[in-house]
Amino acid sequence: MFIKPSRSLKGEIHIPGDKSISHRSVMFGALADGLTEVTHFLHGADCLSTISCFKQLGVPIENTKDCIRIYGKGLHGLRPSAAILDAGNSGTTIRLLSGILAGQPFASTLTGDASIQKRPMKRIITPLREMGADISGSSGNDCAPLQIGGGRLHGIHYTSPVASAQVKSCVLLAGLYADDTTSVTEPSLSRNHTELMLSSFGAQITSQGTTACICPDPKLTGQKIEVPGDISSAAYFLAAALLVPNSEILIHDVGINPTRDGIIRAAAAMQADITKLNEHTISKEPVCDLLVRSCSLKGTVIEGDIIPALIDEIPILAVMAAFADGTTVIKDAAELKVKESNRIETIVTNLKAMGADITATDDGMIIHGGKPLHHAVIDPRNDHRIAMAFAIASLCAEGGAEIRHAECVNISYPKFYEDLNSLYF
Ligand code: S3P
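The notes below deal with the structure included here. (Residues numbered from 1 in each chain as written. Predicted model: local features only at pLDDT ≥ 70, side-chain atom pairs only at ≥ 80, totals over all residues. Heavy atoms only, no water.)

Quick word on the pairing of strand E17 (residues 285–293)
Where we set the bar: Think of it in three bands: residues with accessible area under 20% of the maximum for their type are buried, residues over 50% are exposed, and the middle band is partly exposed, with areas taken using a 1.4 Å probe on protein chains only. Comment: elements are numbered from the N terminus, with helices defined as DSSP H or I runs of at least four residues and strands as E runs of at least two. Two strands qualify as a pair provided DSSP detects at least 2 bridges between them.
Most of E17 sits inside the fold, with seven of its nine residues counted as buried. Pairing of strand E15 (residues 248–255) with E17, which is carried by six bridges, proceeds in the antiparallel orientation. Of the residues in E17, the one forming a bridge with Leu250 is Leu291. Note that strand E16 (residues 273–282) and E17 share eight bridges and pair antiparallel. Pairing of Thr281 across the sheet is with Pro286, part of E17. Linking E16 back to E17 in an antiparallel pair, the connection comprises two residues, with Ser283 at a positive phi of about 45°.

Laid out in structure tokens, this is it:
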């Protein structure tokens, strides 16, 4: 798809529902007693994979445009799936579902697409085995397809080597089926949607610093959930408004949970012109509107505890850094290598192709901003976040750019190009 340069972007935008929260609403609704109704659900391919897995596990789910209705079966009500469960491209589906399936009295096989089959699953296999789970990678390489035997689990305290909400949530969900309390400590705090939402459903779950702790066998009760707009999707329009001259965009109802708002903090360090309006709470999650105006950005250093709060926004932050004055250093972000693509590689290769001065490092990248970018053919390697980040880079590149396999945005933002087009002024 060709993305043409823009001289000005103006307008208002309603961002689709948060991907992480949408996944969890289906999973926890399935394990609860009674009806869970979810509005502003993200109808992206990843969340649809979660719905289809739970349908296969015997949970009736109605999927209409306006509302998802999950007729929960209770904590012990899942049924074995006749077929292999397919998580598609979704790391959240495969890792969180593994935690749930480890505690069932039946066996399951769980797989996903070519990218998922390369992503590391040892990070969940290790703690689940410590809990007594029977789980292994069926190709003998700690990758999907995963065979999960099911059975009785023990409560553990797990110290995770990575700050990963998928690992944390996997272990906490297995903890629902354990014989004792389960807790997880991570090196830095990762997104806490599991902790917030599970407690709404009635779980006894507490957090202190970087440790979350859950008691087994709660009675979970169906809920009404409104999903906030996804800050990870808002990030592309935030960057577009900042980078394209003479722009002003109002982005409505964006989730600004402090475990996810790193993009706003990093943009502030780059001297971005962003105003938060109408701050309120939806389903325990803080939300606001963001008014963003174009301005000149300065380079910054992005490192340490902020990384998990902006890990999915690093592709678009790298694009912002390429247009900023001065140098931006991104470090402590080796996790980028095990996302939907190796994002250090996909960011650096594609920004270099557009003429940016960028160098890959072992745990991030160094960007000397301010060099004009030019037309290139971008290969996002089927990674939705790379496609969207480079669509925004194209807006400010001489001659625009061509994004190959541009439809991969369907994973998290099916209407992305339509929404972007609506802002050309
Ligand atoms: C997610 C956690 C993050 C994030 C992913 C969604 C989640 O992954 O990158 O897009 O919903 O828990 P990690 O847990 O691997 O950091």
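Digging into the environment of Gly58
With respect to the helices, strands and loops of the structure, Gly58 is situated in the loop between helix H2 (45–56) and strand E4 (61–63). What makes Gly58 partly exposed here is its relative accessible area of 31%. Spatially, the C-alpha atoms of Gly58 and Arg79 are 5.4 Å apart, while their sequence positions differ by 21 residues.

A closer look at the site of the ligand
Keep this limit in mind: Note on definitions. A residue lies near a molecule or strand when any single heavy atom of the residue is within 4 Å of it. Throughout this description, a polar contact denotes any pair of N or O atoms lying within 3.5 Å of each other; where both atoms belong to protein, one of them has to be capable of donating a hydrogen while the other can accept it, and for residues adjacent in sequence the pair is counted only when both atoms sit in side chains. To measure how exposed things are, a 1.4 Å probe is used in the Shrake-Rupley method; for residues, cover is taken only from the protein chains shown. We place a 1 Å grid over just the protein atoms. Points where a 1.4 Å probe fits but has no way out form a cavity, open points with protein on both sides within 12 Å along at least 5 of 7 lines form a pocket, and any residue with an atom within 4 Å of a point lines it. The rule for placing a molecule in a cavity or pocket is simple: more than half of its atoms must lie within 2 Å of the grid points. The nonpolar class holds Ala, Val, Leu, Ile, Met, Phe, Trp, Tyr, Cys and Pro. Asp, Glu, Lys and Arg form the charged class, and all remaining residues, Gly among them, are polar.
Every residue lining the ligand is accounted for by Ser20, Arg24, Thr92, Ser164, Ala165, Gln166, Arg191, Ile311, Asp312 and Lys339. Within the backbone of Ala165, an N or O atom sits 3.0 Å from an oxygen atom of the ligand. Asp312 places a side-chain nitrogen or oxygen 2.7 Å from an oxygen atom of the ligand. When the ligand sits alone it has 390 Å² of accessible area, and the protein chains cover 95% of it. Mapping the ligand onto the cavity grids shows that it belongs to the largest pocket. Those elements that place two or more of their residues in the shell around the ligand are helix H1 (19–31) and helix H5 (165–175). Considering only residue class, the shell around the ligand consists of two nonpolar, four polar and four charged.

So, the state of the cysteines
Selection criterion: A pair of sulfur atoms, both from cysteines and within 2.5 Å, is called a disulfide here.
Scanning all chains against the criterion turns up zero disulfides. Unpaired in terms of disulfides, Cys213 finds its nearest cysteine sulfur in Cys215, a separation of 6.0 Å. Sulfur of Cys295: no disulfide; nearest cysteine sulfur belongs to Cys396 and is 12 Å away. With relative accessibility at 25%, the residue Cys295 sits in the partly exposed group.

Describing the sheet that holds strand E6 (residues 85–86)
As a reminder of what qualifies: Contacts between residues were defined by any pair of non-hydrogen atoms, one from each residue, lying within 4.5 Å. Note on geometry: axes are C-alpha line fits, over the in-contact stretch for helices, and angles between N-to-C directions span 0 to 180 degrees.
The strand order E6-E7-E9-E8 describes an open sheet built from four strands, whose pairing is mixed. Two strands bound the open sheet, and with one partner strand each, they are E6 and strand E8 (135–137). Taken together, the two bridges between E6 and strand E7 (residues 108–111) define a ladder with parallel strand orientation. By the bridge assignment, Asp86 is partnered in E7 with Thr111. Along the sheet, helix H3 (residues 91–102) contacts E6, E7, E8 and strand E9 (146–148); its crossing angle with E7, the most-contacted strand, is approximately 175°. In this fold helix H4 (residues 122–130) packs onto E8 and E9, with an angle of close to 155° to the strand it touches most, E8.

Remarks on H5
Counted residue by residue, H5 has 11 buried out of 11 residues, so it is predominantly covered. Within H5 the residues assigned to the buried category are Ala165, Gln166, Val167, Lys168, Ser169, Cys170, Val171, Leu172, Leu173, Ala174 and Gly175. With a side-chain oxygen positioned 3.2 Å from the backbone nitrogen of Gln166, the residue opening H5 is Ser164.

A word on the layout of surface pockets
Note the cut-off: Grid points are joined across faces, edges and corners, and a volume is the space filled by probe spheres set on the points.
Taken as a whole, the largest pocket encloses approximately 570 Å³ of empty space. Listing elements by their share of the lining of the largest pocket, those giving two or more residues are H1, H3, H5 and helix H11 (384–395). Broken down by element, the lining of the largest pocket gets its largest block of residues, four residues, from H1. Quantified by volume, the second largest pocket comes out at close to 410 Å³. For the second largest pocket, the lining is made up of 19 residues, of which Pro16, His40, Phe41, His43 and Lys415 are closest to its centre. Where the lining of the second largest pocket is concerned, the elements lending two or more residues are strand E3 (33–39) and strand E5 (67–73).

Considering empty space enclosed by the protein
This structure, assessed with the given rule, holds two cavities of 30 Å³ or more. Looking at the lining of the largest cavity, the element that brings in the most residues is helix H6 (residues 193–201), giving four residues. A class-by-class count of the residues in the lining of the largest cavity yields four nonpolar, three polar and two charged. Each pocket or cavity is described by its volume, and for the second largest cavity that value is around 40 Å³. Lining the second largest cavity are Asp18, Ile21, His193, Pro228, Gly229, Ile231, Gly255, Asn257, Arg260 and Glu285. For the lining of the second largest cavity, the per-class residue count stands at three nonpolar, four polar and three charged.

Points about unusual backbone geometry
Put simply, Ala144 and Pro145 share a cis peptide bond, and its omega is 0°. Mapped onto the elements, Pro145 comes out in the loop between E8 and E9. The phi torsion at Ser283 lies on the positive side, around 45°, for a residue other than glycine. Within the fold, Ser283 resides in the loop between E16 and E17. A residue is classified by how much of its surface remains accessible, and Ser283, at 36% relative accessible area, is partly exposed. One non-glycine residue, Asn382, lies in the positive phi region at around 65°. Within the secondary structure layout, Asn382 lies in the loop between strand E22 (377–378) and H11.

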